[in-house]
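Understanding the architecture of this molecule
Residue-level listing of the chains:
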Amino acid sequence: MYAEVVVNLLNRKLDRVFHYSIPSALEKRLREGMQVLVPFGPQTVDGYVVGLTETAEVEKTRDVLEIVEEEPVFSREMLALARWMSKTYLCTMVDALHVVMPPGLKLRSKKFLSLNNPDADLKNKIFAKIMTGADTELKDKVAAVLELLSVRGKAEIKSLEQQYGKKPVEYLARILKENGWGEVNTRFAAKARKKKVKQVMLPENERDDIEELIHNLALKAPKQAEVLKILASDSPVTLPELKEMGCSPTAVHALQEKGLIKIEEIEDIRDPFQECRPVEYEPPKQLTSEQAEVLADISCSIERGTSDVFLLHGATGSGKTEVYLQAIDKALIMGKQAIFLVPEIALTPQMVQRVRGRFGEKVAVLHSALSLGERFDQWRQIKEGAVQVVVGARSAVFAPVPKLGLIIVDEEHESTYKQEENPKYHAREVAIYRSRMAGCPVILGSATPSVESYYLAREGKYKLKTMPNRIGNRPMPEVHIVDLRREMEQGNRSIFSSRLQEEIAAVLQKKEQIILFLNRRGYSTFVVCRDCGFVVKCRYCNISLTYHAHGEKMICHYCGYKAKVPQVCPVCRSKHIRYFGLGTQRVEDEIKKLFPQARVLRMDVDTTSRKGAHEKILTDFAAGKADILIGTQMIAKGLDFPKVTLVGVISADTSLNLPDFRAAERTFQLLTQVAGRAGRAGAPGKVIVQTYAPAHYSVRTAQKHDFPGFYGIEIETRREMEYPPFSRLLRIVISGFDENKVIRAAHILAENVQAQLRGVEERLEQPLLGPAPAPLTKLRNKYRWQLCIKAKNRKVFGPLVDSALYKSGLREQFNDLKFNVEIDPQSLL
DNA sequence: AGCACGCCGACT
DNA sequence: GTCGGCGTGCTC
Ligand SMILES: [Zn+2]
Ligand SMILES: [Zn+2]
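Model, not experiment: these values are computed from the prediction. Just so you know, the residues in each chain are numbered from 1, in the order the chain's sequence is written. Each chain is given a letter, starting from A, and each ligand a number, starting from 1, according to the order in which they appear as written. Under the rules for a predicted model, residues below a pLDDT of 70 receive no local features and side-chain atom pairs below 80 are neither given nor counted, while totals for whole chains, interfaces and linings still include all residues. The basis for the side-chain values is all heavy atoms of the structure; hydrogens and waters are excluded.

With respect to the coordination of the zinc ion (ligand 1)
Ideal donor angles around a metal are set by the shape: a four-donor tetrahedron calls for 109.5 degrees, a six-donor octahedron for 90 or 180 degrees. Bound to the zinc ion (ligand 1) are the protein donor atoms Cys 529 (SG), Cys 532 (SG), Cys 569 (SG) and Cys 572 (SG), situated 2.2 to 2.4 Å from the metal. Here the donor residues of the zinc ion (ligand 1) share one chain and are spaced in sequence as C-x2-C-x36-C-x2-C. Here Cys 532, found in the loop between strand E22 (526–529) and strand E23 (546–548), pairs with Cys 569, found in the loop between strand E25 (562–564) and strand E26 (577–580); they are 37 residues apart in sequence, far enough to count as distant. Each residue is assigned to one of three classes by its accessible area relative to the maximum for its type, calculated with a 1.4 Å probe on protein chains only: buried under 20%, partly exposed between the two thresholds, exposed over 50%. When its relative accessible area of 22% is taken as the criterion, Cys 532 is described as partly exposed. Its relative accessible area of 0% is what places Cys 569 among the buried residues. Metal donors were taken as nitrogen, oxygen and sulfur atoms no farther than 2.8 Å from the ion, or 3.2 Å where the ion is Na, K or Ca. Water is excluded, so coordination may look unfinished. In this text, helices come from DSSP runs of H or I with a minimum length of four residues, and strands from runs of E with a minimum of two, each type numbered from the N-terminal end.

Here is the structure:
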C-alpha cells in the first residue's frame, strides 16, 4: 500500500501528490485525511494523506515517517470539496485543504540546533575549530552562539539568528553537522490544542464509608474533610471549581497522596458564550400566508433531501428571518443540522440574537473575535454533532456538521462572501456544492438579489420565491431624489442640497437622529458635468474613466483607454465639467460648519481600523450619544436605529461611477439597504438621495423599490457588454517595485493570453481587457497593472493561466513580480 | 518553499 | 589555494 500525500509547502510546483510507502507499523493505522510527517528531499515536512493506493507511479518510494494525530483532519466529503475548490478557484490543494481542516491544526515547523554532547571537552574542540577559520569579527559571534548553545544544549535557530545574525548561526550549524558534533532537528507543532482541566472525584469503593472518613478527618484535617464533604454531595468536581469553593490545593494534594481521591485530566471545552447566557426564548411566530407558502416548498425539499436552491427575494421587513428559522427547525426535526451564513457577524448582532433566542444551546456562533482555541473547540463540537445550528460569516460554510440538512445564505448579494485570499472561494457557491453532496436545499435570501443569482433563478436553475409585502403592511419609506445639477444652477456650492439642509435642521430640532451615507472612500474620482450630469465613460468597457490630476487625464482601468479631460461638456457644452471625489472627513467638516451644535460620529476605514471599533460607534449611536452618524456602506447592514428618521445619501454618484461593471448593481443595493434603515414601526422615515444622475435607472428603480425593474435594464447592459452572468471573469494583477518590469510582464502576458484565447471555443467578442494600470496604481510602493479575461465558461481559465503564465516561462522570467490570479472577481477595483 | 550542489570572484 | 556569493534543480 502507498499513501498519496500532499505536502504542506506552498509552491505551485509542489501542488500534486507524492507517493510514500507505508511501514508495517503504520499500515493498520494510516487512513485518508490524516496528517503525517514524510521525508522530502533532504528535509522532513508535514503533509496530508489524500489517498491510499496499491500502486505507486514512481519507482522509488520512501516511508511515511509518522502519523501526527490518529484523528483525520478532513473527511472524504471535505477532501472532495477541497479538490473541487482547487480546480475551480485555481489554488493549490494545500490552500484548499487548510480551510476545510480544523482551525489551528496546520503544523508549523521550528528548527533547533543542538550539541550531541554537553561536556566542556566537545565545546573546546569546536572552539578550536572555529579559531582556525573565519575572520575575527565572525569568530567572536560564532563563539557567542557556541557559548549559549553549550549552556542550553539546544536552541531554536530562528531566535539565535535574531540575536546574533544569520551568518554566525549558519556557520556554526555547518561545522557541527560536518563533524558530527551536533545536529539540526525540526519540530512540528500546531497552534491550537485541547485545553485540559483536572477533575477531582471519589473512588467508587469509597462511597459507602464516606461519612466515617469525613468524621475521622474533621479534627486533624478539617480542610481535607471539607473537600471530601463537597465531593460526597457532588462528584466529580474540577480543580478550579474546588478552589473557588475555598478548598486549598494543599488539602486536595494531601488527599490524593493518601489515595482518598482520584484526579483525572479531562478536556475543558472552551465556551465562548459563557458571558452572555442564557438568551431569552423567542417562540416561533405565526406566519403570513406568503411566508407559509415559501416555507412549505422549502420544507418539502428538506424532507425529500433534494438539493434545490431557493432564491428568496423578500423586501426589507417581509419576514425572511422567520422563514429561515422555521426552515432550520424542519431540518432539526429531521435529525439534521443547519448552517446559517451572514455577511459579517459583527454587523448583524440582532440576527445572531434571534437564532440563539429560537434554538438556544443548540447554536454555535463562529465569530471572528473567537480565540483560535475557541474556534478549534467549536469546530470539534460541530463535528461531533453536539451543535445543531452553525451561524457564521463565509468560513462557516465549511462547518463539519455530520448531517447537513439546510444551508442559508442571508444577504446573498454581499461581496463579503467572496474570499479575497487563497482559496478565493465564494461561500454561496461552496454552499451550493455542499448541498449537492449532502442532498439538502440552500436558501439564498436578499432584498436585493445579485444579478447573477436572479438570472439563474429566471433561467429556472434556482427556485425563485418572492415575498414583496412587509409584515403588517408597513409602508416603505419615502425616497426623495435631489437633483444636484439644479443646486448648482441655484448657486448652492455646499455638498448638501438646500432640501437636505432643511431636513437635517428639522430632525435635529425634533431631537431625532440622522444617518448620512457616503460610499467607500473617495479615492476613485471621476469627471462629471455639474450642469447636465454627463459622466465620461470608456467606450469599450462602459465603466467610468478615472481622473488623474497628473496631466488632466482620464484612464479606463479595465482596458487602459486614455483620454484628456474635455474643456467643455460634449453633451451640453457647459464649462462646468470637473472631477468629483468626496471623503467622509469632508462631510464631517461641512456638517460642523453648518450645524455646529450637532454631535457627530464618523465611521469609516480610518475610524474603525481598531478591533471592535465598529461595534462601539454603532452602540454609541444607538444609545443616542450622537445626533448624526456619517459613514460608508458598513452601517447599512448594521443595527436597527429606531430614532433615525432621516437618511441622507450625500452622493449616489460616487457609487454609480465606481470604475466597476457592478457599479449600477451596488448602487441599487446600497440605496435599497439605506432606505431600509430609515424609520421603524411608528414613524416612517425619510430618505434623501443626492445625485447628478436622477434619471439613472439604479436611482429611479431604487426610489420605487422596484427590483425587477432594475434587473430588467441591468441584465441587458450585462448581455451587451458581455459581463457576468453572460461571461465569467478572470483578473490577473501584476505587481512589483520596478514599474517598467511590471508593464513589460503585463504586455507579454496579454500577448500570451491572446494567443491562448484563439484556441478557445465559444469565444466572446472582446475576451481580453487590458493590460491597464490597476485602479490602485501604486499600493505599498508596488506598481500594479491588471488584465481581465472574459470567457463563457470558467473551465477555460485553468489551462489558460497554466499556458500563458507558467508553461510560457513568463512566471520564471519575472520571478520578482507578483501575479495575483483571481477568478470571478467581485469587483475590478 | 527550502535545501544541496556547483561554479566563479576576492581574500588568506 | 579556500570561503562564500547565489543561480539551478529537485523533492515520492
Ligand atoms: Zn453637460
Ligand atoms: Zn475600457
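More follows now that the structure is in view.
Quick word on the packing of aromatic side chains
Working definition: rings of Phe, Tyr and Trp (its six-membered ring) pair if their centres are within 6.5 Å, and the pair is stacked with planes under 30 degrees apart, edge-to-face with planes over 60 apart, and tilted otherwise. Per the counting criterion, the structure on display carries 16 aromatic pairs. Pairing Tyr 454 with Phe 707 gives two aromatic rings, centres 4.7 Å apart and planes at 80°, and the pair type is edge-to-face. One end of the pair, Tyr 454, is in helix H17 (residues 451–458); the other, Phe 707, is in helix H26 (residues 707–721), and 253 residues separate them in sequence. Seen from their ring centres, Phe 661 and Tyr 723 are 4.8 Å apart, and the 15° between their planes marks the pair as stacked. Of this pair, Phe 661 sits in the loop between helix H23 (652–656) and helix H24 (663–677) while Tyr 723 is found in the loop between H26 and strand E31 (728–736), placing the two residues 62 residues apart along the sequence. Comparing Phe 661 with Tyr 723, the two get one shared label, buried. Following the ring pairs from residue to residue traces out a cluster consisting of Tyr 454, Phe 668, Tyr 697, Phe 707, Phe 710 and Tyr 711. By definition here, charges over rings are those cases where NZ of Lys or CZ of Arg is within 6 Å of the ring centre and within 35 degrees of the ring normal. Taking the ring centre of Phe 376 as reference, the NZ or CZ of Arg 380 above it sits at 4.3 Å.

Quick word on the protein's contact with DNA strand C
In the vicinity of DNA strand C lie 15 residues, with Arg 16, His 19, Pro 39, Gly 41 and Arg 62 positioned nearest. Residues are classed as near a molecule or strand on a simple rule: at least one heavy atom within 4 Å of it. For DNA strand C, the backbone makes up 52% of the atoms found within 4 Å of the protein, where backbone means sugar plus phosphate. Distance and chemistry together define a polar contact, namely a pair of N or O atoms within 3.5 Å, with one atom able to donate a hydrogen and the other to accept it when in protein, and with adjacent residues in sequence counting only for side-chain atoms on both sides. A distance of 3.0 Å separates a phosphate oxygen of DNA strand C from a polar atom in the backbone of Pro 39. Gly 41 is positioned such that a nitrogen or oxygen atom in its backbone is 2.9 Å from a sugar or linking oxygen of DNA strand C. All residues other than Ala, Val, Leu, Ile, Met, Phe, Trp, Tyr, Cys, Pro, Asp, Glu, Lys and Arg, Gly among them, are scored as polar; the first ten of these are nonpolar and the last four charged. Considered class by class, the residues forming the surface near DNA strand C number seven nonpolar, three polar and five charged.

Points about the nonpolar core
Here, nonpolar core means buried Ala, Val, Leu, Ile, Met, Phe, Trp, Tyr and Cys residues that are tied together by side-chain atoms lying within 4.5 Å of each other. Ranked by internal contacts, the top residues of the largest apolar core, which has 119 residues, are Phe 74, Ile 734 and Leu 749. Counting residues per element, this core draws most heavily on helix H27 (residues 739–757), which supplies seven residues. Once residues lying within four places of it in the same chain are set aside, the contact partners of Phe 74 are Glu 32, Gly 33, Tyr 48, Val 49, Val 50, Leu 79, Leu 97, Val 100 and Met 101. Formed by 31 residues, the second largest nonpolar core is a distinct cluster that contains Leu 287, Val 294, Met 351 and Ile 443. Working rule for contacts: check all heavy atoms of both residues, and any pair within 4.5 Å makes them a contact.

A few points about the sheet that holds strand E9 (residues 182–190)
Reading across the sheet, the three strands line up as E8-E7-E9 and stay open at both edges, with antiparallel pairing between neighbours. Across the chains shown, the open sheet's two edge strands, defined by having one partner strand only, are strand E8 (154–156) and E9. Neighbour-to-neighbour, the strand axes of this sheet turn through a mean angle of 30°, independent of strand direction. Following DSSP output, two strands are said to pair if at least two bridges run between them. Sheet topology places strand E7 (residues 107–115) next to E8; three bridges connect them, and they run antiparallel. Across the sheet, the residue bridging to Phe 112 is Glu 156, located in E8. Orientation is described by lines fitted to C-alpha atoms, with helices fitted over the stretch in contact, and by angles between N-to-C directions that extend from 0 to 180 degrees. Contacting E7, E8 and E9, helix H6 (residues 157–164) crosses the sheet at an angle of about 75° to E8. In this fold helix H7 (residues 166–179) packs onto E7 and E9, with an angle of close to 70° to the strand it touches most, E7.

Overview of the pattern of salt bridges
Whenever a carboxyl oxygen of Asp or Glu lies within 4 Å of a side-chain nitrogen of Lys or Arg, that contact is scored as a salt bridge. Under the counting rule described, the total for this entry stands at 36 salt bridges. Between Arg 662 and Glu 452 there is a salt bridge; the shortest N-O distance is 2.6 Å. Here Arg 662 is found in the loop between H23 and H24, whereas its partner Glu 452 is found in helix H17, with 210 residues between them in sequence. Each of the two residues, Arg 662 as well as Glu 452, counts as buried. Ionic pairing is found between Arg 486 and Glu 489, a salt bridge with its closest N-O pair at 3.2 Å. Here Arg 486 pairs with Glu 489, and both are found in helix H18 (residues 484–489), just three residues apart, close to one helical turn. Connected through shared salt-bridge partners, Glu 267, Arg 270, Asp 377 and Arg 380 make up one network.

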